[in-house]
Structures are given as C-alpha cells and as structure tokens.
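# Coordinates in review
The primary structure of each chain is shown beneath.
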Amino acid sequence: MNENTLCHFQSPACVLCQRIDDCPEKYGEKRTYKEYNNLTVHYYCLLMSSGIWQRGEEDEGVYGFLIKDIRKEVNRAAKLKCNICKKKGASIGCVAPKCKRSYHFPCGVQRECIFQFMEYFGSYCWEHRPVQKLPSDESRGSSQCTICLEFVEHFPVYNILKSPCCKNAWFHRDCLQYQALSAGVFFFRCTVCNNKDKFQNEMLRMGIHIPEKDASWELEENAYQDLLQRYQHCDARRCLCRNGRDYNEPDSKWEIKCCQCCGSCGTHLACSPIQSWEENWECIECRSILAKSGNYQNQKKRSLATSEKIDVTGRFLEEPSPKCPRQSPGSQHSFLLSFSLSRSPKMLCQNSLTPCTLLDLPASNKMVMSISPLINSSSRNLSVRRMQLRIQKREASNILRELKLQVNTKTTRLNINRDNIWSSALKGFRGRNFNPANTMEVKFTNCKGRVETDAFHGSKHEFFRLLMLHLQNSSLFEGSSSKNLSLDSQAIKENLYYEAGKMIAVSLVHGGVPPSYFSKTLFNCLVYGPENVKPTVEDVADFDVAQTIKMIKSSRTLASLKSTISDCYEYLTIAGCLRPMTTLCDKDMLVNDLLIYHVIKRVHSPFESFRQGLKTLGVLEKIQMHPDAFSSMLCHKPERLSARILGDLFTVHCLSGVNKVKGVDFWMGYLQDVEGK
C-alpha cells in the first residue's frame, strides 16, 4: 500500500467537494458516519448546497439532513462542473438572478465568494457578492484591527470588513471569523461599542458564520474555578509570621486580610498598620491610584494617638497607609509630617497642644522644620519632591531585593577587559554557561589577559557602572542626555538590543547601577506600550528632522505649510506621512504622525528586542507593576545647578593689582553662599 493510498484511507474525502482537508474554521466540522457506509461530509458543504434542505429532526441523519436527500444531492452535483476548478460535483450555485455559476465550497472560499449563513443560506459568486460602501465624506487611511491589533487599510475589500456601528472600526475577515466561532451568537458583538444586533446582521450579510452555541470560554470545564478561591498570601514588605507568608489562622493576628479594592493582595493583621479585622486595608498599588484620584479624603482617618501605639518593627517598612494621621485637605505639609513622625518622635510637638519653635528643637531635627508654612512654597515643593523621590527609590530597591531572591549560590565568572568593556561583556553574557540567576563574580583583566593585581571586592559594581556608561554613549541610543532607542541595522542583525536590555535587567537585580538615562517616552513605551504614548519634538535626536517638524508646526499660513511640505517631500514619503493639506489645522495631525513614525514606528524592531531583553529575571514585569518607583531610577533627571557646576562654566580674570587667589576664593565662596541660600 503506497503513501497516497494510506492517506486516503486514513482521511476520507467529503462526498460533496471531494477534498480530504479537515479545517473546521474554513469548511466546518468534517465527520465520517460508519453507520451510513462511511459517509464523510464537511458541515459547510452540506449546509450551503443549493439542492438540499433539513427535512428531519436535529438528531436525524446528518445534522437534520436525511441520508437519502444527501445521496440525491451528490447525484445532482455530479452533473455540474465547477466554474473554478473545472471538476464535477459543484453543489453550490450563485443565487444572483441570471447567474449560472456553480462551484464547490472550498473553491468558492478560495475565489472569495460570499456564503450567507442565515435564512435561505444563499451564496454569491465573486462577481455578484455584496460589498460594503465607504461613505463619500470618509477619507481613506489606516487603523488597527481591534482584534489582532495589526494595521488595516480603510478600504472595503473581501478580506477587510468595516463595522456598521462604529466609524473607525475595521477588521480582518479571518479575525472576525475566528472571534465569531469562539464567542458564538450570544457574545459576538462589536469590539468597540459592544453593539450586537446591527453588528451581527451586517457580518452575516458579509459571509461571517456565527454558530448558535455558547462561547467557548463558557463551555470550558471549571473555567472560573480560580474565582472561587480567596487570595491567601501576605504581600507585606516584611512578613513577621514565622510560619511563612501563606499561613492563615482565622480570628487571630495571623489572619490574612485582602485589599478592599482589588482583592488580589493580602497581609497578615500583624504585618500591617491596621489594628482589627473591621478596619479596611488597601495594597500599595490601589493606594497610589486612590492618591492620584484624590479619594484619600474619603478614607477613614485615624488619630495621631492611635498611630503612636503602632508597633514600629516591620510596619513602617510599608508605604504610609491612607489611614495614617493626616491634617485637613488644605494642609500643604501633611505628607512630610506623617513621614517625619515615623522617623523622629520628637517632631510630635508640631501637632500637640504645646507650641514649639525652631529654637526649641535639637540641631539634628531643625531640617525637618522645612515643612513649616513659614518657608516659601517653592522650597516646600522641592522638599516634597525630594522626599517622594527618596521613597520611590527605596520602594524600587525593595522590589529589586525581592527579585534578587532568584539568584542562587552557583557562581558564574566573567573576565572583563577594562579597555574593551563591551566586547568582553558581550562574550560573557553570550557564553554557554552564563545564567543570569547565578551569582556573578567579575575579574578585570589587562590587555595580556592577566587578572589585575589590584582587583577588589567591588569589581562587580565597577563592571556594571562601566557597562551602563558604555551603553549610554553607544549607537544603540540617541539623544544628548535623555535617551531614546536609535535605529542601528548592524545592531539589529547582531541582536544587540536584546543583549542591552538583558544587561540592564541583570545589573538591576545583581546590585549594579541603574541606567538613569531613559527618556520619559522610552520609559512610558516600556510600561504602557508604544501605542499609548505620545512623543514630543524633544524626543527627536536628528537635528534636520527636528527642524522640519518645528517648521511644519510653526507654519502660520496654508501656503507656507505647503511650501515646507514640498521641501521635505522625500522624507514625508519615506515616513508614510505624506497627505494633502486642505486646512492649516491639518499640520497638527501631520506633526503627530511624524513624531510617532520617527520616535516609535521607526524603531519598532529594536524596541521589541530591547523589551524582550528587559524581561530577564522578571524585571520588566516589575517595572510595569511599579512605574512610579522605577521612573526615578531609570529616567534621566536634569542635574540641579550647583556652585561647582556654575564655577566650572566660568574662568576668573582679575583686574591688574588684584590678587587672583583671593579673587577665585571670593568667587567660589560667593557661589557657595548663594547655593546655601
């Protein structure tokens, strides 16, 4: 028995289309009925055949089609030739008047015929099939298919369908068909506006099969079993329970209480600031959301006396709870005061009945008095900002400390040439035995390959410092101080963007220095996705491109706008942003398109590789979960002007007869006095 004979024996052909293909998404379920002399048929072939009707009950014959009717239909189709493949057995005919075309179902799908799975189950050939009309006032463009998120052109063809209820909702036909088969008639609806009736009617007209069944996720056994299980894990920074974070003892201080907002985080009563089960508790993530939305005023406030009694061991390792002592909403120093209380009990006099002045305080506590309303608002805001940054850095450090628990005791040794830091680091990271979860040991070697004699225990930290400095100034990034990813074709070919992301992730987990040069745009792309980020002109490192965008943005008349576009016609064509300008307002859309192309779309491939590298050891996931904490660690922050920096900008020239040494001393002393206010 040869291979072809065996193949036909194992997979019999459909009696109507004579194909052995078994593709339920395209041709419907293929079944063989041994009780009917091994009758094999595709469900869609049977359903769309022109000369047969369901004359039996659902459990009779094949899906309600009687066996004798199927035999008659096969005999009828055997006399008809398919207008596509030119073979006999064409059981489906076009229902358009005066059209005599016949074809097999698979041939019709291949030739882009429309099969309507409703009412009389009509079929239309490629010439008479229904089409969607594009309104005359709607311009052509492109947008994302809201199912697969790939871009589609706004042009109604067979493979692209438009939503009847949403103006800018376009889909791939295959995406819609897969969604319909999964969602069923009860859950298939517009993914944008959730319309069901109007959307389903149009999709049925355009040949989308919507099965009369429940959604696939509803039919899955125990699909929602996880929802019946209550979260039981202590997520406090420091768990005090000796039996572990998963230990739960009801009606005791070791009972786990879940976050009242999300329910997906928990804490032992003893590991949190709350005193009893009746009090509400929110996790850090929900707390930050509440803070941003201004809902803290609605939270239950606790007295200062109560907070004084809280056991300090381990509790202040968490972020201050919204139930910590707070002043009235108009108070501008509430946050600093609550933080100061946790560190310096002597500051309680600020909120007590006994007034105290700056002179009453010890010298060590005088700096805390920066929260006093007597200081101007700019100084106070700066102090608040510094305090917030310190808290965010501490939070990020604690998160990285948790990630470091993955690191095992097995050692991986890296031999690093200080003069060629990148090549030796790349060789080490790509080594066969390299594992980011191993403990790293770094030894610096000289040009002759010998270990430096002055190697010290801080070699690993020095290695990561030099590596981050090299990455900052490498061709993988562009920008003066605040960096975005660049487009380096050679680096893409060598997969260097992935390695760079991996190195940064490993540096963060193993205690190295953070990069601290990401732009806000790059950071937001990593956290929220490129499609949700709007870049600015400051993100464009190319001087000529930045000037072009600025010229377009500053155009005052339509004539000057068109002239500018004409000057940069070639670049706009390459960027895919060339469009007719009918009004001056069109320039804003053009500027936005150019920024998105140059900063985001142009570097899509490097960005995806870089993002994959950052996923090493779970770093990217933590960044996305705690963006505020990592922003201060990864993003570039402008250096504050200091006496040293300002002194370096100038050269002191003294008049004749003036002592230069004294002049320089006076100048630097003056700058330091100004810096010290």
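Residues numbered from 1 in each chain as written. Predicted model: local features only at pLDDT ≥ 70, side-chain atom pairs only at ≥ 80, totals over all residues. Heavy atoms only, no water.

Going by what an unreviewed UniProt entry lists, the protein chain is known as G2/M-phase specific E3 ubiquitin protein ligase and is assigned to Chelydra serpentina. Per its UniProt entry, the protein chain bears the Subcellular location (unreviewed entry) comment "Nucleus". (UniProt positions renumbered as here; feature names shortened; annotations may be inferred.)

We now examine the nonpolar core. Phe463 and Phe610 are the most contacted members of the largest nonpolar core, which has 77 residues in total. By residue number, the principal contributor to this core is helix 16 (residues 496-509), which donates 9 residues. With 33 residues, the next largest nonpolar core counts Tyr33, Cys99, Cys125 and Leu181 among its residues. (Core = buried A, V, L, I, M, F, W, Y, C linked by side-chain atoms within 4.5 Å. Buried < 20%, exposed > 50% of the residue type's maximum accessible area, 1.4 Å probe, protein only. Helix = DSSP H or I, 4+ residues; strand = E, 2+ residues; numbered from the N terminus.)

A separate point is a nonpolar patch on the surface. Taken together, the side chains of Phe186, Phe187, Trp217, Tyr224 and Leu227 make up a nonpolar region of the molecular surface, amounting to roughly 540 Å² of accessible area. Counting through the fold element by element, phenylalanine 187 comes out in helix 6 (residues 173-187). Take phenylalanine 187: its relative accessible area is 33%, and that puts it in the partly exposed class. (Patch = residues over 30% accessible without salt bridge, like charges linked within 9 Å, V, L, I, M, F, W, Y side chains within 5 Å. Areas by Shrake-Rupley, 256 points an atom, 1.4 Å probe, with all protein chains shown as cover. Salt bridge = Lys/Arg side-chain N within 4 Å of Asp/Glu carboxyl O.)

On to the pattern of salt bridges, then. Per the stated rule, a full pass over the model turns up 10 salt bridges. Across the salt bridge formed by glutamate 462 and arginine 465, the nearest N and O atoms sit 3.0 Å from each other. Pair noted here: glutamate 462 and arginine 465 are both in helix 14 (residues 459-472), with a separation of 3 residues, about one helical turn. What makes glutamate 462 buried here is its relative accessible area of 17%.

Before going further, it helps to spend a moment on the environment of serine 182. As for its position among the elements, serine 182 is in helix 6. Each residue touching serine 182, except ones within four places of it in the same chain, is listed here: Ala215, Ser216 and Trp217. (Contact = heavy atoms within 4.5 Å.)

All right, on to helix 17 (residues 520-528) then. Every buried residue of helix 17 is accounted for by Thr521, Leu522, Phe523, Cys525, Leu526 and Val527. Residues of helix 17 that are buried sit in contact with strand 15 (477-478), strand 16 (484-485), helix 21 (586-599), helix 22 (604-614), helix 23 (619-625) and helix 24 (627-634). Just downstream of helix 17 lies glycine 529, where phi reads positive at about 95°.

This part takes up the packing of aromatic side chains. Within this structure, the stated rule accounts for 22 aromatic pairs. Positioned above the aromatic ring of tryptophan 126, the side-chain terminus of arginine 111 is 4.4 Å from the ring centre. Here the guanidinium or amino end of arginine 173 rests over the ring plane of tyrosine 158, the centre of that ring lying 4.1 Å away. (Phe/Tyr/Trp six-rings, centres within 6.5 Å; stacked < 30°, edge-to-face > 60°. Lys NZ or Arg CZ within 6 Å of the ring centre and 35° of its normal.)

Chain-level pLDDT for the protein chain is 79 on average; 80% of the residues reach the 70-or-more range. Mean pLDDT values over the elements of the protein chain span from 33, in helix 11 (residues 334-343), up to 95, in strand 5 (residues 114-115). In the model, residues 1-9 has pLDDT below 50 throughout and makes 3 contacts with residues more than four positions away in sequence or in other chains. (pLDDT = per-residue confidence, 0-100.)

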